[in-house]
Amino acid sequence: MTTLSELDRQILDHIRHTFGFVKSYQLEQLLGISGKEVRRSINTLRRLSYGVCSSQKGYYYSTNEHDIENTIHNLSCRVVGINAAMEGLAKIGGGCRV
């Protein structure tokens, strides 16, 4: 079972207690971490069913069904794009099946 790290807790607290949106670079600067670490933590929070949503404006916390659905839709579109990239690479001999 995945548990929250101290970093996960800090990111969650900051997103929950900020009015409006929080950009990745703001979390990076505040916590002295990389964008990759922010994304990893956001992924963990979402996997544990915390309502961390996102838009082009940044991250925000919500339990609103519409916000959650929009974030799920955005993630689904990214999956489609990643799958298309994998298929393209597989055509030139990427070595694994898609």
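The paragraphs below set out a description of the structure included in this document. In this text the structure is predicted, and so the values were computed from the model without any measurement.

1. Thoughts on the overall build of the chain
- Within the chain one finds four helices and two strands.
- In sequence order, the chain lays out its α and β elements as α-α-α-β-β-α.
- Burial status across the chain gives 24% buried among its 98 residues.
- Looking at the chain alone, contacts between residues at least 24 apart form 47% of all its contacts between residues at least 6 apart.
- If you average the places of the 12 positive and of the 9 negative side-chain charges in the chain, the two averages end up 8 Å apart.

2. Observations regarding the pairing of strand 2 (residues 58–61)
- Relative to strand 2, strand 1 (residues 52–55) runs antiparallel, the two being bridged by four bridges. Counted as the bridge partner of Ser55 is Gly58 from strand 2.

3. Here's the deal with the environment of Ser55
- Among the secondary structure elements, Ser55 is positioned in strand 1.
- The partly exposed category is assigned to Ser55, whose relative accessible area is 34%.
- C-alpha separation for the pair Ser55 and Phe21, spaced 34 residues apart in sequence, amounts to 8.7 Å.
- Dropping the residues within four chain positions of it, Ser55 is found in contact with Phe21 and Tyr60.

4. Some words on unusual backbone geometry
- At Ser49, a residue that is not glycine, the phi angle is positive and equals roughly 70°.
- Its place among the elements puts Ser49 in the loop between helix 3 (35–47) and strand 1.
- On the accessibility criterion, Ser49 (67% relative accessible area) is exposed.

5. Some points on the packing of aromatic side chains
- Within this structure, the stated rule accounts for one aromatic pair.
- Residues Phe21 and Tyr60 carry aromatic rings whose centres are separated by 5.2 Å and whose planes lie at 80° to one another, so their mutual orientation is edge-to-face. With Phe21 in the loop between helix 1 (6–16) and helix 2 (24–31) and Tyr60 in strand 2, this residue pair connects regions lying 39 residues apart in the sequence.
- Judged by its relative accessible area of 35%, Phe21 falls in the partly exposed class.

Cut-offs and rules
Residues numbered from 1 in each chain as written. Predicted model: local features only at pLDDT ≥ 70, side-chain atom pairs only at ≥ 80, totals over all residues. Heavy atoms only, no water. Helix = DSSP H or I, 4+ residues; strand = E, 2+ residues; numbered from the N terminus. Buried < 20%, exposed > 50% of the residue type's maximum accessible area, 1.4 Å probe, protein only. Contact = heavy atoms within 4.5 Å. Lys, Arg positive; Asp, Glu negative; His and termini not counted. Charge placed at Lys NZ, Arg CZ, Asp CG, Glu CD. Pairing = 2+ DSSP bridges. Phe/Tyr/Trp six-rings, centres within 6.5 Å; stacked < 30°, edge-to-face > 60°.

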